[in-house]
Amino acid sequence: MLELKNVNKDFYEGSAKHSVLNNFELSVPEGEIIILLGKSGSGKSTLLNIISGIDVPDSGSVKIDGTDITKLSEKDRTLTRRNKIGFIFQFFNLIPTLTVKENLQLPLELNNDDDQEMRINSILTEVGLLNRANSYPDKLSGGEQQRIAIARALIHNPDIILADEPTGNLDYETGLQIVDLLDRVVKKKGKTMIMVTHSKDVIGLADRIYSLKEGKVIETKVGLDIE
Amino acid sequence: MSNLLTRSSLRFLLRHPWQFGLSVLGIALGVAIVVSIDIANYSSATAFNLSMNAVAGKSTHQITGTAEGIPDSLYRFFKKEKGIRNIAPVIESYVSIPDSNKRVFKLLGVDIFAERPFRDYLSQTGISLNGGLKDFLTLPNSVILSKESLDKLKKVIGDTLTVLINGKQKVLYITGIINEDEQNRSALENLFITDIASAQELTGKNDKIDYIDLIINNVQEEQQIKSLLPDGYQLQKSGSRSETAEQMLEAFNINLTSLSLLALIVGLFLIYNTMTYSVVQRRVLIGTLRSIGVTSKEISGMILREALIMGIIGTVTGFIAAYFISKILIIFISQTINDLYYVVSVREIYISPMIILKGAGLGIIATLLSAIYPAREASRVHPRSAMIRSEQESSLLRNVPRMSITGVIFMIAGAVILLIPSHNIWLSYFGILPVIIGFALMAPLIIIMVEKIFSPLYKKLFGITGKMASRSVLQNISRTYIAIAALALAVAATVGVGIMIGSFRSTVINWLEARLNADIFISAPSLISRRNDAVLPEEILSKIKALDEVSDYNFYRELILPQDGKEYHIIASGISKRSYSGFQFKEGDPNEVWEKFENGEVFLSEPFAYKNDIGLGENIKLKTDNGLQDFKVAAIYYDYASDQGLITMNYDQFRKYWNAEGISGISVFVKEGNTIDSVKDKIQTLGTDGQQLVVRTYKYLLDSSVEIFDRTFLVAKVLQILSVIVAFIGILSSLMSLQLERRRELGILRANGLLPSQLFKIVMLQTFLMGFTAGVIALPLGNVLAAILVYIINKRSFGWTMQFEVMPSILIEALVLSIAAALLAGIYPGYKMSKTSPSNALKEE
């Protein structure tokens, strides 16, 4: 269960104040997939950063399974993120100096998980890239890199997946494959996911869709035009 | 976990071989310079101590005398009348062999029957005497030497050997070989052993010996011997001569070590630079790691591990390089020691565990220290892509005022440390560090100022590419300033040491010109250029006085007086009035001092007064033949002949207290109407009884003194060059990294139609500006360093007052050096950048 209450976050440009999140409230039950829409600069990425503990709000609370992570130290926020959250980025952000297999191994090692070999093989089979286990990321296509990034986000079995425009850097066909993959490996596994996207193709995955506008969240119905 | 992170960072290093290799090279050079200086110093000291130990053997104490040694009757008194068993007489001298590239050997005169308890290799079983003991004892001038020495001299038993002892030619007879083993092989290599009677004859020490060796097992025995010693003789521990030698070289060694540390500091800038780059290049990667849960501590640990790996590889490489560099430095350093201090022949490299420990500690700890800040920066990288580059640059630019103020505070702190009244040389060097850091912190401000001036100029001269070049120095200031600061420091060190040497040189030349105010100088051949350890018979002086062509003359007798664990150098002068002007007094009224001098008061050279803390009007106690005697100080004079310092006194007064025969040197004024060369030739023929005379003209002596001076500073110059090489590597490394970082930007430029040659031009214009800026920083810093060296370090090290002289040629050379090093370092990165494929660069995210 993820719960954000009265979250405020401002940014300053010189002396001018920009309010990005304004008494923001959101509650996401376990296993639900939320899609966040909004214009550039509307605060979507800031919200993901705050949920993951990368950033802290100026005020308000962010509770993950009842723990307010805004009250935690930087180290404890990192450990929470390590344990409970998986990240999927627009630009994949695989570690270029580690092979595919090692990239997947990293979250497992961070969490001291067992059965690493088996879990890596299993998830690689699931994303259809078992044959690329020993390749370095720069030898993979964009779609393949994102599949590995999804596998990396899921391999340590986190409670929440945060995805920032996962298809934003891919062509249409590849984007569809990624949506299909997310459907298979995230939705069917009952994971909570908050995804920032502009892609209409992903919307079908959502349990709820929200728009961010002037720091507030508004629930949007499927089928409405996406700004 | 750390395993995967380590693997990742190792692969990062291997994927950037240029950066990695140059950093390792920078560390290696820094370590190599420090370690090689240590090895060279240690090898010289060990060679000296080994030869001392070979001579001292198992003796625990020595009885030393005054000027001319000890009468052998004193030895007989202890041996026969007092029944002391473990006692042996010794004469020590040096012999040089004219035909063997001026090789110098130590001549040790011993009583073979008294030797057994002292020197193993001299117990009778240890010597193989062809012709038996009889030849060794009965044949005059017979010597024995090690097999290795025999082989090197290409001699066999029974051969003769012509040598020079105290300037006199002598023929030695080789009658035996010393049995050597692994332990004493090196020490025996340069040793000639002769019977005590032959030694007396060869060295002209009739009825005298140099000292008496003793093995004393308890304090009572020591007290008993002390109580039996007549006035003027003392009992001292056998190691004290090595300690004296160590003291003599202390300042010399500290200064060399400090210069070598400077290279390491330049190396540190390089490591800092590289580590900062490697963090910057991986901001996104580090951000990703942070997003997936790697803690900031683990990130900084990863960077420090990388530094550790580079530190270890660099240090090991540095040790290997040090071995070879030290072989060259040993030649320079032992030459200087021979010129200035004592005779030493260094044939082997000695390395102590302490040198390894110090080198390894310096290399690894210094690397880790310089990686702390980049590691801290890495740990602060915001998760997910983090701060963008331009923000980082503008944050540095915003900090410039604060950095500059901090720089000024550092410089003031350095000045305060330097002004603390102290004789401690390390404290002075420690004070230089904040001054250097202060200047480095001012570097961004100076870069901004130079860019402001150059930007319109570059635009006018080179158009938009010129503008881009000057802007790129500022745009990448977080990278460029470290490289500029490192180059500035290396060049400043060159300027500082250059001005110091130049100032010192002109001070010495002025002093020599005043002091050498005669036409011809006569002395016995000496093995140490700076002092006359050999003497001429007094009859030479009488013969010179009698020459019609000579209008006036001076003479002196030098006496080395071992006292209180030090060596006091006394110069007893018979000086003509016309040479009074050769003395420049620091303290004492020139109108009064000479009368006091005639009456037995002494002049102290400036270093002597400084080191022994004796002032005008105070008394100095000296060990004379009649016991300790007080001498009042009439004046303190400027003198650059010896950093140990000199005590000058009137010759007639001197002879009242010391029975030191012979004359060390004579200088003469040629009467008008005679040519200097003809008088010189005439004096040359005055030597009798095989006595060789060194007769030199004013010009020759001046030139050869300056030559010795220049030779002394050769090591400093070598170290300077090595520091500049380290800084050069720094610039190269910075530019290579910038090229990597700006690949995409360069790709865009190429895609927009910039020619490869234009890209190359941008890089060269950029590096010119970096070199110029480094030069602008280096000139004031170099002058400050020079002032510190001249007024503080040299004063505290050697006690010399020098004139500070800024030579424009040094400043111009420094600016040219700075620009040339930067341009040279820019060639390869410029070439690489110009070859950037636009499509590849643009493809990269």
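In this text the structure is predicted, and so the values were computed from the model without any measurement. (Residues numbered from 1 in each chain as written. Chains lettered and ligands numbered in written order. Predicted model: local features only at pLDDT ≥ 70, side-chain atom pairs only at ≥ 80, totals over all residues.)

## Description of the overall build of chain B
A count of helices and strands for chain B gives 26 helices and 22 strands. Looking at the 845 residues of chain B, the share that counts as buried comes to 49%. (Helix = DSSP H or I, 4+ residues; strand = E, 2+ residues; numbered from the N terminus. Buried ≥ 20, exposed ≤ 12 C-beta atoms within 10 Å, placed from the backbone.)

## Quick look at the pairing of strand 9 (residues 191-195) of chain B
Residues and elements named next belong to chain B. Strand 9 sits mainly inside the fold: five of its five residues count as buried. Of the two faces of strand 9, the one lined by Leu191, Ile193 and Asp195 and the one lined by Phe192 and Thr194 are each fully buried. By the bridge criterion, three bridges tie strand 6 (residues 142-146) to strand 9 in an arrangement that is antiparallel. Within the sheet, the bridge partner assigned to Val143 lies in strand 9 and is Thr194. (Pairing = 2+ DSSP bridges.)

## Structural notes on the pairing of strand 8 (residues 168-178) of chain B
All names here are of chain B. Two strands pair when backbone bridges link them, and strand 6 and strand 8 are joined in this way by five bridges, in the parallel orientation. Each residue of the ladder has a partner; that of Ser146, found in strand 8, is Ile178. Counting the residues that bridge the hairpin from strand 7 (residues 160-165) to strand 8 gives two residues, and of these Asn166 lies at a positive phi of roughly 50 degrees.

## Re the interface of chain A and chain B
Counting from both sides, the interface comprises 22 residues of chain A and, opposite them, 19 residues of chain B. Listing elements by their share of the side of chain A that touches chain B, those giving two or more residues are helix 1 (44-52), helix 2 (74-84) and helix 3 (100-110) of chain A. Residues belonging to the side of chain A that touches chain B are distributed by class as follows: ten nonpolar, six polar and six charged. (Contact = placed C-beta atoms within 7 Å. Nonpolar A, V, L, I, M, F, W, Y, C, P; charged D, E, K, R; others polar.)

## Quick look at the environment of Thr138 of chain B
Structurally, Thr138 of chain B is set in helix 4 (residues 132-138). In the structure, Thr138 of chain B is positioned 60 residues away from Ser198 of chain B in sequence and 9.1 Å away in space, judged by C-alpha atoms.

## Some details on helix 10 (residues 283-291) of chain B
An α-helical turn contains 3.6 residues, so a residue and the one three or four places further along point in the same direction. Residue and element names in this part refer to chain B. Of all nine residues making up helix 10, seven are buried, and the element is well covered by its neighbours. Those residues of helix 10 that sit buried are Leu285, Ile286, Gly287, Thr288, Leu289, Arg290 and Ser291. Following helix 10 by one or two positions, Gly293 adopts a phi angle in the positive range, close to 110 degrees.

## What to know about the confidence of the model for chain B
Counting all residues, the mean pLDDT for chain B is 81, and 86% of those residues have values of 70 or more. On the interface metric, ipTM, the complex scores 0.71, and its pTM is 0.70. (pLDDT = per-residue confidence, 0-100.)

## A look at the nonpolar core
Nonpolar side chains in soluble globular proteins tend to be buried together. Residues and elements named next belong to chain B. The biggest cluster of nonpolar side chains holds 250 residues, and the ones touching the most others in it are Ala443, Leu487, Ala488, Leu489, Val491 and Ala727. Beyond its immediate stretch of four places on either side in the chain, Ala727 contacts Val266, Ala486, Leu487, Leu489, Ala490 and Ala821. Of all hydrophobic cores here, the second largest spans 47 residues; its members include Ile522, Phe555, Val679 and Val695. (Core = buried A, V, L, I, M, F, W, Y, C linked by C-beta atoms within 7 Å.)

## Digging into unusual backbone geometry
Positive phi outside glycine occurs at Asn6 of chain A, with the angle close to 50 degrees. Structurally, the position occupied by Asn6 of chain A is in strand 1 (residues 2-13). At Asp613 of chain B, a residue that is not glycine, the phi angle is positive and equals roughly 55 degrees. Relative to the assigned elements, Asp613 of chain B resides in the loop between helix 18 (606-612) and strand 18 (619-624). On the basis of neighbour counts, which here come to 8 C-beta atoms within 10 Å, the residue Asp613 of chain B falls in the exposed class.

## A word on the sheet that holds strand 3 (residues 33-37) of chain A
Residues and elements named next belong to chain A. Here six strands make up an open sheet; going across it, the order is 6-7-8-3-9-10 and the pairing mixed. With partners counted over all chains shown, the strands left at the sheet margins are strand 6 (85-88) and strand 10 (216-220), one partner each. On average, each strand axis in the sheet is tilted by 20 degrees relative to the strand beside it, whichever way the strands run. Where strand 6 lies against strand 7 (residues 160-164), four bridges are found, and the strand directions are parallel. Bridge pairing in strand 7 links Ile85 to Ile160. (Axes fitted to C-alpha atoms, helices over the stretch in contact; angles between N-to-C directions.)

## A short note on the packing of helix 24 (residues 756-798) of chain B against helix 25 (residues 808-834) of chain B
Residues and elements named next belong to chain B. Interaxial distance between helix 24 and helix 25 falls to 7 Å at its minimum, and their mutual angle equals 150 degrees. As far as their axial angle goes, helix 25 and helix 24 are roughly antiparallel. Of the two elements, helix 24 crosses helix 25, and the hand of that crossing is right-handed. Residue classes in the contact of helix 24 with helix 25 are distributed as 22 nonpolar, nine polar and no charged. (Parallel < 35°, antiparallel > 145°, perpendicular 65-115°, else oblique. Left-handed = near helix turned anticlockwise from the far one by under 90°.)

## Re the packing of helix 15 (residues 477-515) of chain B against helix 25 of chain B
The geometry of a pair of packed helices is captured by two quantities: the angle between their axes and the separation between those axes. Residue and element names in this part refer to chain B. Look at helix 15 against helix 25: their axes get within 10 Å of each other, and the N-to-C directions meet at 155 degrees. Taken as axis vectors, helix 15 and helix 25 run roughly antiparallel relative to one another. Crossing angle aside, the handedness with which helix 15 passes helix 25 is right-handed. Contact residues: Leu487, Val491, Thr494, Val495, Gly498, Ile499 and Gly502 in helix 15; Ile810, Leu811, Ala814, Leu817, Ser818, Ala821 and Ala822 in helix 25.

## Quick notes on the confidence of the model for chain A
Summary statistics for chain A give a mean pLDDT of 84 and a share of 96% for residues scoring 70 or more. Below a pLDDT of 50 lies the segment residues 223-227 of chain A, which in the model reaches five contacts outside its immediate sequence neighbourhood of four places, other chains included.

## Focus on helix 1 of chain A
Residue and element names in this part refer to chain A. Counting buried positions over the nine residues of helix 1 gives nine, a clear majority of the element. Among all positions of helix 1, only Lys44, Ser45, Thr46, Leu47, Leu48, Asn49, Ile50, Ile51 and Ser52 are buried. Following helix 1 by one or two positions, Gly53 has its phi on the positive side, about 85 degrees.

## A short note on the environment of Arg479 of chain B
Residue and element names in this part refer to chain B. Inspection of the secondary structure puts Arg479 in helix 15. Given 22 C-beta atoms within 10 Å, Arg479 falls into the buried group. Separated by 203 residues in the primary sequence, Arg479 and Thr276 have C-alpha atoms spaced 7.9 Å apart.

## Overview of the environment of Ile372 of chain B
Relative to the assigned elements, Ile372 of chain B resides in helix 12 (residues 353-379). Along the sequence, Ile372 of chain B and Leu304 of chain B sit 68 residues apart, while their C-alpha atoms lie 7.1 Å from each other.

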